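# Chains, contacts and geometry: an overview
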Amino acid sequence: MAQLSVNLGALKENYRTLAALAGSSQCAGVVKADAYGLGVEPVSRALWDAGCRIFFVAILSEAATLRSLLPNAEIYLLNGLIKGAAPGCAQQNVRPVLASLEEIDEWSQFCRDMDVRLPAAVHVDTGINRLGLEYDEAIRFFQSASAFRDFNLCMVMSHLACGDEPANELNQQQVAKFEALRDLAPDAIFSLANSAGTLSAPDTHFDMVRPGIALYGSDPIGKTSTTIKPVVTLSATILQVRDVAVGQSVGYGSTFVCQRPSKVAILGLGYADGFFRNLGGSNAQTRAQVYIAGHLAPVIGRVSMDMICVDVTDLPDNSVSRSGNAEIFGEKISLDGVAYASQTLSYEVLTRLGNRFNRVYR
Ligand SMILES: *Cc1c(COP(=O)(O)O)cnc(C)c1O
């Protein structure tokens with residue numbers, strides 16, 4: 001059994017911290033992928049309480065869920081307008097972030113048919129080469145007679161490729177290109193920054209910032225002076241503590257062999273819960289540690305679907321017992337540290353969390 005505790009107070013504090021950093025720019029909240037795996041309902045309500053009024057999701061079903069939770073929010077659809085989705089967007093009062101001339105044409109046609117100038121954002125690619133109008137294409141579009149005619153072009157959006165590397169020169173190039181578009185759409189809100197830009201680069205703030213991961217307790221740069229509070233604590237129940245003799249191995253594949261008489265705790269959490277298999281430890285290398293009763297203990301042997309094993313030989317007698325708890329990450333062990341040990345990012349750790357936790361919202 002594992003427990004996922006989400007500190008909504010810390011989430012709100014992180015929102016306020018980011019909004020303060022944004023200064024006169026607005027601060028939206030990105031809640032795609034079920035609020036990065038944490039639960040869009042409690043998370044979006046808490047963000048609304050903290051003053052957030054503008055939200056971003058990736059796909060229309062996420063937008064529909066969010067619309068039912070927050071009837072008065074401004075909701076943007078990051079993945080743009082899927083063919084045929086315009087009526088669904090209009091029905092949910094959702095603003096697509098239009099990513100191509102085709103999408104713009106489809107939204108324009110829908111607005112003409114409905115005889116209403118519905119709002120939408122236009123996504124301009126300034127260097128990530130993912131979604132968005134090509135830069136020159138965007139300039140031609142903004143200069144065309146139809147640009148501001150059929151729909152309410154309320155926002156121009158672009159996305160940083162290397163925001164988490166503040167020294168990367170691509171950031172400056174993207175800022176300059178984005179800035180140069182302002183005169184072409186003077187009435188639209190301009191938005192470029194994700195969490196990394198919000199935290200580290202004021203020149204990326206423009207009119208509105210769009211943080212996601214920093215709300216959820218991870219600093220994508222890791223060295224900013226801003227304090228982002230941990231939001232998520234994952235802990236697992238100790239199912240059993242056993243003695244293992246010298247020369248005996250632990251877990252599938254016998255990848256860890258006890259070199260001394262050992263005490264091993266078995267925790268009820270495994271890769272089905274989002275504890276990645278590459279966090280298992282061999283005799284040669286510890287990849288991850290957990291925190292039990294004031295002490296760190298290494299994960300040993302392979303990670304199973306529902307269990308991990310930790311070496312608690314060095315912990316004081318009686319500090320480890322059946323039904324006790326181990327922190328996997330949270331206050332004592334950082335989410336970013338676990339992500340680093342798994343050779344991935346906090347984004348993937350959070351969005352791959354399983355769905356059989358006892359979830360607690362504080
Ligand atoms: C996910 C996403 C964000 C939020 O990014 P974080 O790094 O989590 O702050 C902002 N903008 C776009 C376009 C995104 O896809």
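Summary of the structure given here. Bear in mind that the values here come from a model prediction, so they are computed numbers and not experimental data. (Residues numbered from 1 in each chain as written. Predicted model: local features only at pLDDT ≥ 70, side-chain atom pairs only at ≥ 80, totals over all residues. Heavy atoms only, no water.)

### Brief notes about the overall build of the protein
Filter applied, for reference: Secondary structure elements follow DSSP: runs of H or I no shorter than four residues count as helices, runs of E no shorter than two count as strands, and numbering proceeds from the N terminus. Three labels apply to residues, based on accessible area from a 1.4 Å probe with only protein chains included: buried if under 20% of the type maximum, exposed if over 50%, partly exposed otherwise in between. Here a residue-residue contact requires only that any non-hydrogen atoms of the pair lie within 4.5 Å. Here the Shrake-Rupley method, with its probe set to 1.4 Å, supplies the accessible areas, and only the displayed protein chains count as covering residues. We count Lys and Arg on the positive side and Asp and Glu on the negative side, and we leave His and both chain ends out. By convention, the point assigned to a charge is CZ for Arg, NZ for Lys, CD for Glu and CG for Asp.
The helix and strand inventory of the protein stands at eleven helices and 19 strands. Its C-alpha atoms give the protein principal-axis dimensions of about 80 × 40 × 35 Å. Counting across all 362 residues of the protein, residues that qualify as buried make up 53%. Taking the contacts inside the protein whose residues are at least 6 apart along the sequence as the reference set, 65% of them involve residues at least 24 apart. With the model as given, the accessible surface of the protein reaches about 16100 Å², and the carbon-plus-sulfur share is 48%. Looking at charge distribution, the protein has the averaged site of its 30 positive side-chain charges lying 7 Å from that of its 36 negative ones.

### Considering the side chain of Asp 125
The cut-off we apply is this: Any carboxyl oxygen of Asp or Glu within 4 Å of a side-chain nitrogen of Lys or Arg constitutes a salt bridge here. The term polar contact refers here to a pair of N or O atoms within 3.5 Å; inside protein, the definition further demands a hydrogen-donor-capable atom paired with an acceptor-capable atom, and it admits residues adjacent in sequence only when both atoms are side-chain atoms.
As for its position among the elements, Asp 125 is in the loop between strand 7 (119–123) and helix 7 (135–143). The buried charged residue Asp 125 lacks any salt bridge partner; its closest oppositely charged side chain belongs to Lys 177, at an N-O distance of 6.5 Å. For Asp 125, the side chain forms a polar contact with the main-chain nitrogen of Gly 127, separated by 3.5 Å. Once you skip the residues sitting within four places of it in the chain, Asp 125 turns out to touch Arg 130, Leu 131, Gly 132, Leu 133, Tyr 135 and Ser 158.

### Some thoughts on the packing of helix 3 (residues 40–49) against helix 4 (residues 60–69)
Note the cut-off: Between N-to-C directions, angles span 0 to 180 degrees; the directions come from axes that are lines fitted to C-alpha atoms, helices contributing only their stretch in contact. The labels follow the angle: roughly parallel below 35 degrees, roughly antiparallel above 145, roughly perpendicular from 65 to 115, and oblique for the rest. Less than a right angle of anticlockwise turn of the near helix away from the far helix marks a crossing as left-handed, whereas a clockwise turn marks it as right-handed. Residues were grouped as follows: Ala, Val, Leu, Ile, Met, Phe, Trp, Tyr, Cys and Pro as nonpolar; Asp, Glu, Lys and Arg as charged; and all remaining residues, including Gly, as polar.
Orientation of helix 3 relative to helix 4, taken along the N-to-C sense of each, is 55°, at an axis distance of 10 Å. Our classification of the angle between helix 3 and helix 4 gives oblique. The two elements helix 3 and helix 4 cross, and the hand of that crossing is right-handed. Taken together, the residues of helix 4 that come into contact with helix 3 (itself represented by Val 40, Glu 41, Ser 44 and Arg 45) are Thr 65, Leu 66 and Leu 69. Of the residues belonging to the contact of helix 3 with helix 4, the class tally is three nonpolar, two polar and two charged.

### Here we look at the packing of aromatic side chains
To keep things clear, this is the line we draw: Two aromatic rings, drawn from Phe, Tyr or Trp (for Trp, its six-membered ring), form a pair once their centres lie within 6.5 Å of each other, and the interplanar angle then sorts them: stacked below 30 degrees, edge-to-face above 60, tilted otherwise. Over a ring means this: the NZ of a Lys or the CZ of an Arg is within 6 Å of the ring centre and within 35 degrees of the ring normal.
By the definition in use, this model includes eight aromatic pairs. Centre to centre, the rings of Phe 142 and Phe 148 are 6.4 Å apart; their planes meet at 15°, and the pair counts as stacked. Under the relative-accessibility criterion, Phe 142 is labelled buried at 4%. Among the residues examined, Phe 148 registers a relative accessible area of 36% and is labelled partly exposed. Between Phe 178 and Phe 206, the aromatic rings sit 4.9 Å apart at their centres with planes inclined by 80°, giving edge-to-face as the arrangement. Residue Phe 178 is located in helix 8 (residues 169–179), and its partner Phe 206 is located in the loop between helix 9 (195–200) and strand 10 (208–209); the two are separated by 28 residues in the primary sequence. Taken together, the aromatic side chains of Tyr 36, Tyr 216 and Tyr 347 make up a single cluster linked through ring pairs. Here the basic side chain of Arg 53 rests over the ring of Trp 48, its NZ or CZ set 3.7 Å away from the ring centre.

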